[in-house]
Amino acid sequence: MKNPNRKTVSRLDELPNIGKAMADSLQLIGIDHPRKLIGKEPFELYGELCAISGKKHDPCVIDVFMSAVHFMESGEPLPWWSFTDERKKINEIYLEDEK
């Protein structure tokens, strides 16, 4: 797994779990540098991506966003699927709150 220096990394595709396609998706929503992920809410990024692209993306994209934000905010590089259970729990809480 990629593990760049988060203080000097300059390209999105250098981040763990981020390849060219995901880097392109992030750029589409205005994230053009890894530092711009710091403080971002992955669910909001996902919503922006769906709105701008005009299609609903696989929910695993949220997991990838969670992993990238986590890494840039001083977390360890973890595979994106490490965030799947957390995403599902957050979704359950959100859906419960909407009732």
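Just so it is clear, the structure is predicted and the values come from calculations on it, not from any experiment.

**Brief notes about the overall build of the protein**
Each helix and strand counted, the protein has four helices and zero strands in total. Its helices and strands taken in sequence order, the protein reads α-α-α-α from the N to the C terminus. On C-alpha atoms alone, the protein measures out to a radius of gyration of 13 Å, which is about the 13 Å that the 2.2 N^0.38 rule sets for 99 residues. Counting only C-alpha atoms, the protein reaches 45 × 30 × 20 Å along its principal axes. Partitioning the intrachain contacts of the protein with sequence separation of at least 6 by distance along the chain shows that 46% fall at a separation of at least 24. For the protein, the exposed area adds up to about 6,100 Å²; of that, 51% sits on carbon and sulfur atoms. Across the protein, the centroid of the 14 positively charged side chains sits 5 Å from that of the 17 negatively charged ones.

**Here's the deal with helix H2 (residues 42–53)**
Taking 1.5 Å per residue as the helical rise, H2 with its twelve residues ought to reach 16 Å, and the 16 Å between its terminal C-alpha atoms agrees with that figure. Within the span of H2, buried status applies to Pro42, Leu45, Tyr46, Leu49 and Cys50. Down the axis of H2, the buried side of the element spans an arc of 135°, and every buried residue falls inside it. Away from its buried face by more than 90 degrees, H2 exposes Glu44 and Ala51. Next to the buried residues of H2 lie helix H1 (20–28) and helix H3 (60–72). One side-chain oxygen at the N-terminal end of H2 lies 3.0 Å from the backbone nitrogen of Phe43; it belongs to Glu41. Gly54 sits one or two positions beyond H2 and adopts a positive phi of about 75°.

**Topic: the side chain of Thr84**
With respect to the helices, strands and loops of the structure, Thr84 is situated in helix H4 (residues 84–97). You can call Thr84 buried: its relative accessible area is 13%. Within the structure, the side chain of Thr84 is placed 2.8 Å from the side chain of Asp63, a separation counted as a polar contact.

Rules and cut-offs
Residues numbered from 1 in each chain as written. Predicted model: local features only at pLDDT ≥ 70, side-chain atom pairs only at ≥ 80, totals over all residues. Heavy atoms only, no water. Helix = DSSP H or I, 4+ residues; strand = E, 2+ residues; numbered from the N terminus. Rg over C-alpha atoms; globule rule 2.2 N^0.38 Å. Contact = heavy atoms within 4.5 Å. Areas by Shrake-Rupley, 256 points an atom, 1.4 Å probe, with all protein chains shown as cover. Lys, Arg positive; Asp, Glu negative; His and termini not counted. Charge placed at Lys NZ, Arg CZ, Asp CG, Glu CD. Expected span 1.5 Å × (residues − 1). Buried < 20%, exposed > 50% of the residue type's maximum accessible area, 1.4 Å probe, protein only. Arc of directions from axis to C-beta. Polar contact = N/O pair within 3.5 Å; in protein donor to acceptor, adjacent residues only side chain to side chain.

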